[in-house]
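What follows is the residue order along each chain.
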Amino acid sequence: MPLLAFMPQTLAPSIGKDRRPEGFLITYAAKIQADEAVLMAPRADGALRLSAKRRGHDTVIADLRQEGSLKALFPKVRGKALDAVFLNTAGGLTGGDRISIEMEAQERAHIIVSSQAAERAYRAQPGQVAEAKVSLRIAKGGRIDWLPQETILFDQAAISRKLDVDLAGDATALLVEPIVFGRAAMGEAVTQLSLMDHWRVRRDGALVFADAVRLQGNAKKQMLHRAIGKGAGAVATILLAGPSAEVCAGALDVSGDSGCSLIAEDLLLVRLLARDGFELRRQMIPVVEALATAPIPRVWRL
């Protein structure tokens with residue numbers, strides 16, 4: 001039997017057998033099987049757009065727009081670059097979340113972008129994936145240092161990330177993306193994961209660098225393979241795309257299972273492997289300091 005609901009708008013003194021009282025609304029609804037209902041938590045959506053320009057010797061905000069769960073902070077400038085720190089007020093990412101970040105450095109402008117804290121990717125419901133898209137546009141003589149803190153992946157997380165970079169002329173981009181597979185100190189193991197990470201870097205419209213990572217299933221087991229992670233619990237990819245790449249390559253000291261490669265005169269790639277997040281950061285900070293032209297963000301300090 002369908003459920004029958006009456007919503008009176010006016011009271012009628014009597015109801016005839018074959019007629020409905022005027023002013024009554026009737027709504028029919030099918031039965032709901034409670035054991036088949038799926039609980040859907042509210043999803044987070046956030047968008048951040050920042051454009052910076054050169055004013056004299058300094059870089060300043062040209063345009064800023066922030067929506068939903070993404071916000072931007074601007075600490076006191078310690079140099080000529082503009083420091084921007086973004087935060088996700090949702091407290092992390094889970095299946096169905098959508099975040100989008102767009103950064104533009106106009107001619108000769110320099111932006112240093114970091115996150116307020118490590119991002120966390122939590123357990124997702126079946127079939128739901130968190131999406132994170134980052135777009136960086138850098139004009140001639142400009143530079144963006146993309147330096148977010150670690151993304152910590154929890155068991156059963158599902159996340160898809162895309163990083164698109166468009167460089168003009170002699171522009172420079174320093175890109176850093178660290179990932180931690182669970183917190184070793186808490187005894188966490190990532191035995192079920194869906195991770196997709198795509199990088200595309202173009203200079204004057206031509207594709208100069210492409211990278212893709214796809215981990216599906218038991219991440220802990222897959223990371224044990226020598227060709228993948230050699231047992232590492234944390235990894236980082238660092239790319240310097242700019243005229244100074246060849247010079248900076250000689251200043252790096254990367255050892256152990258980590259390594260670096262000068263792909264082209266203006267492309268330097270570094271891969272870091274570490275047993276946990278602390279060891280990874282200990283390796284990353286000297287590398288970032290060697291490749292950067294401004295002080296490392298304070299939020300990065302050990």
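About the thresholds
- Residues numbered from 1 in each chain as written.
- Predicted model: local features only at pLDDT ≥ 70, side-chain atom pairs only at ≥ 80, totals over all residues.
- Heavy atoms only, no water.
- Phe/Tyr/Trp six-rings, centres within 6.5 Å; stacked < 30°, edge-to-face > 60°.
- Helix = DSSP H or I, 4+ residues; strand = E, 2+ residues; numbered from the N terminus.
- Buried < 20%, exposed > 50% of the residue type's maximum accessible area, 1.4 Å probe, protein only.
- Pairing = 2+ DSSP bridges.
- Axes fitted to C-alpha atoms, helices over the stretch in contact; angles between N-to-C directions.
- 1 Å grid on protein atoms, 1.4 Å probe; cavity = no way out; pocket = protein on both sides within 12 Å on 5 of 7 lines; lining within 4 Å.
- Points joined across faces, edges and corners; volume = space filled by probe spheres on them.
- Nonpolar A, V, L, I, M, F, W, Y, C, P; charged D, E, K, R; others polar.
- Core = buried A, V, L, I, M, F, W, Y, C linked by side-chain atoms within 4.5 Å.
- Contact = heavy atoms within 4.5 Å.

(A) Quick look at the packing of aromatic side chains. Enumeration over the complete set of coordinates arrives at three aromatic pairs. Between the aromatic rings of Tyr-122 and Phe-154, the centroid separation amounts to 5.2 Å while the plane-to-plane angle is 25°, which identifies the pairing as stacked. With Tyr-122 in the loop between strand S9 (119-121) and strand S10 (130-138) and Phe-154 in the loop between strand S12 (151-153) and strand S13 (157-167), the pair connects residues that are 32 residues apart, well separated along the chain. Overall, Phe-154 belongs to the buried group, its relative accessible area being 14%.

(B) Quick peek at the sheet that holds S10. Overall, mixed pairing links the seven strands, which are arranged S4-S3-S7-S10-S13-S15-S16 in an open sheet. Single-partner strands in this sheet number two, and they are strand S4 (58-68) and strand S16 (206-217). Sheet twist, expressed as the mean angle between neighbouring strand axes with direction ignored, is 5°. Relative to S4, strand S3 (residues 45-55) runs antiparallel, the two being bridged by 10 bridges. When the bridges of S4 are listed, Ala-47 appears paired with Glu-67.

(C) Summary view of empty space enclosed by the protein. A complete count under the given rule lists two cavities of 30 Å³ or more for this structure. Roughly 260 Å³ of volume is contained in the largest cavity. As for the largest cavity, its lining consists of 24 residues, of which Ile-99, Ala-132, Trp-146, Arg-161 and Glu-177 are closest to the centre. Sorting the residues of the lining of the largest cavity by element identifies strand S6 (82-88), strand S7 (98-105), S10, S13 and strand S15 (193-203) as the ones contributing at least two each. Top contributing element to the lining of the largest cavity by residue count: S13, with four residues. Across the lining of the largest cavity, the residue classes break down as 14 nonpolar, four polar and six charged.

(D) Main features of the nonpolar core. In terms of nonpolar packing, the biggest core is built from 50 residues, with Leu-136, Val-165, Leu-175, Phe-181 and Leu-193 touching the most fellow members. Discounting chain neighbours no more than four positions away, the residues touching Val-165 are Leu-136, Ile-138, Ala-173, Leu-175, Arg-200, Val-201 and Arg-202. Residues Ala-81, Val-176, Ala-245 and Leu-268 belong to the second largest nonpolar core, which totals 29 residues.

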